[in-house]
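Residue-level structure breakdown
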Amino acid sequence: HLAVLRESDAASLDTLASWLSKEVPVEEKLPHYRTKQPGEFTLQQYVARPARLDKRKFDLRVWVLITSLEPLTVFMLDVAFPKISVVDYTAWDFPANASTVNEKCMHVQLMAAEVCVKKINARHMYPYQYPGVTRPDVHGKVGGRSFFENLRLDDNDLLGGEEAWREWQERLWPELEALIMRPLLLAKPALHKHEARIYGEFDGDLSRKYHRVALVSPDVIYDADAKTWTLEEINTNGLFQLGVDDGGSSFHVDEGYTEAWLQMSGVDEFPNSHKYQKILEERLNDFCESEGCTEWEKSVLMRSAHATAHVNSGWYRVWPPYDCGQECGPRSTLEK
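Quick caveat, the model's predicted, so the values are computed rather than measured. All chains use their own residue numbering, which begins from 1 and follows the written sequence. Reporting of local features is limited, given that this is a predicted model, to residues whose pLDDT is at least 70; pairs of side-chain atoms are given and counted only at 80 or more, and all residues count toward the totals for whole chains, interfaces and linings. Side-chain numbers come from the whole structure's heavy atoms, not from hydrogens or water.

Digging into the state of the cysteines
Going by this rule: In what follows, a disulfide is any cysteine sulfur pair within 2.5 Å. A helix here means a DSSP run of H or I that spans at least four residues, while a strand means a run of E at least two residues long, and both kinds are numbered starting from the N terminus.
One pass over the structure, following the stated rule, counts two disulfides. The disulfide bridge from Cys-105 ends at Cys-116, spanning 2.0 Å between sulfur atoms. Around the S-S axis, the bridge from Cys-105 to Cys-116 shows a dihedral of about -100 degrees and counts as left-handed. With Cys-105 in helix α3 (residues 104–107) and Cys-116 in helix α4 (residues 114–117), this pair connects stretches of sequence that are eleven residues apart.

Shown next as structure tokens:
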């Protein structure tokens, strides 16, 4: 829901309460609305000047895998999934000109919501091939090259494919990494308490029979005024893939991304571990003899090493950071 809060609306608690009563969506007030407690809602400043793909507003869904809280171990998928509006964005002067405030298909319903599809020709929903992922070398009906060919970071001309690709690698993606890590690092003290609570504080060692991971999917949007990304929300149980893989209606692709994070989480007991298990045990023993480790801490460190050793299909460890040498870094052109 999009609303305009004017100075007169915030002049006093009474005027603010009146504004809230009018603008908070009805579903937020219903007792059965399960995402929040009755009467709870979130207000967030709207990014009125977003980056666009040609003339369409978009945001990105990112996949992040947390395999350990202590030590904090975080992996990211090296591509994101664009979610693109089905109508052109014509609100560059919003909220000074609030005439489009009720145009939900332009502002907040970025994918093919039923209410939006009814107004357009679904067969020609986008003026370019839908970029199902931000990788230019993914081919097929949802190849990612059109993302870079149509990227517009402000109200100026399109960057152009090669320039957009360089900007993506050298600035946009590193800034997105930092944005994703910031709330996790700021929340680290609370995460430590959570780690203690779920692993033994209430039920002894019983909970340590299980290993827990978190797959979260942040939504981010590029703010042309701030010239960087803004975090919209972090989904913890949201829809990770948009569309279905039936050969016709998918918007996004999965080149083994899901199978890979499951493997990194240990669902098949780290099948490549026999290649390095002996030296890993030797180094862990040396480390724990020097620093002091409980058996539980040692097992957590071992699982963290296993997860790093099993990254594949575009996943990589973003925290703790490490130097992967010539194996990573910018690719020179869209073709490489």
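Topic: the environment of Asp-9
Here Asp-9 is to be found in the segment before α1 (13–23). Once the C-alpha coordinates of Asp-9 and Trp-19 are considered, the two residues, ten residues apart in sequence, prove to be 6.2 Å apart.

Description of the pattern of salt bridges
Two side chains carrying opposite charge are able to pair once their charged atoms lie near each other. How we decide: Put simply, a salt bridge is a Lys or Arg side-chain nitrogen that is within 4 Å of an Asp or Glu carboxyl oxygen. Relative accessible area decides the class of each residue, using a 1.4 Å probe on protein chains only: under 20% of the type maximum gives buried, over 50% gives exposed, and in between gives partly exposed.
One pass over the structure, following the stated rule, counts eleven salt bridges. A salt bridge links Arg-145 to Glu-149, with the nearest nitrogen and oxygen atoms 2.8 Å apart. Residue Arg-145 and its partner Glu-149 are located together in helix α5 (residues 145–149), separated by four residues, close to a single helical turn. With relative accessibility at 29%, the residue Arg-145 sits in the partly exposed group. The salt bridge involving Arg-171 is made with Glu-167; its shortest N-O contact spans 2.6 Å. Highlighted residues: Arg-171 and Glu-167, both in helix α6 (residues 161–186), separated by four residues, approximately one helical turn. The class of Arg-171 is partly exposed, set by a relative accessible area of 21%. Here the salt bridges share partners, and the residues they tie into one network are Asp-59, Arg-61, Lys-83 and Asp-219.

So, the pairing of strand β4 (residues 72–77)
Cut-off, in case you're wondering: When DSSP finds at least two bridges between two strands, those strands are taken to pair.
A large share of β4 lies buried, amounting to six of its six residues. Burial of β4 is two-sided: the residues Leu-72, Val-74 and Met-76 facing one way and the residues Thr-73, Phe-75 and Leu-77 facing the other way are all buried. Where strand β3 (residues 64–69) and β4 come together, five bridges link them in antiparallel fashion. For Leu-69, the partnering residue across the bridge sits in β4 and is Leu-72.

Some points on the side chain of Lys-298
Filter applied, for reference: As used throughout, the charge tally considers Lys and Arg to be positive and Asp and Glu to be negative, leaving His and the chain termini uncounted. Under this definition, polar contacts are N or O atom pairs within 3.5 Å; protein pairs additionally need one hydrogen-donor-capable and one acceptor-capable atom, and for neighbouring residues in sequence, both atoms have to be side-chain atoms. Note on definitions: a residue-residue contact is assigned when non-hydrogen atoms from the two residues lie within 4.5 Å.
Residue placement: Lys-298 occurs in helix α10 (residues 295–309). The charged side chain of Lys-298 is buried without a salt bridge, its nearest counter-charge being Glu-295 at 4.9 Å. Only 2.2 Å separates the side chain of Lys-298 from the side chain of Asn-285, close enough to count as a polar contact. Once residues lying within four places of it in the same chain are set aside, the contact partners of Lys-298 are Leu-284, Asn-285, Cys-288 and Cys-293.

Here's the deal with the nonpolar core
Which entries qualify depends on this criterion: Residues belong to one nonpolar core when they are buried, are Ala, Val, Leu, Ile, Met, Phe, Trp, Tyr or Cys, and are joined through side-chain atoms within 4.5 Å.
In this structure, Leu-60, Trp-168, Leu-176 and Trp-229 are the most contacted members of the largest nonpolar core, which totals 41 residues. If one sorts the elements of this core by residue count, α6 sits on top with ten residues. Excluding residues within four positions of it along the chain, Leu-176 makes contact with Leu-60, Val-62, Met-76, Val-220 and Trp-229. Counting 15 residues, the second largest nonpolar core, distinct from the first, contains Trp-63, Val-133, Val-253 and Tyr-257.

Some remarks on helix α9 (residues 277–291)
Note the following rule: Expected helix span is taken as 1.5 Å per residue step, with the number of steps being one fewer than the number of residues.
Under the 1.5 Å per step criterion, the end-to-end length of α9 is 21 Å for 15 residues, consistent within 8% with the ideal 21 Å. Considering only its buried residues, α9 is in contact with α10.

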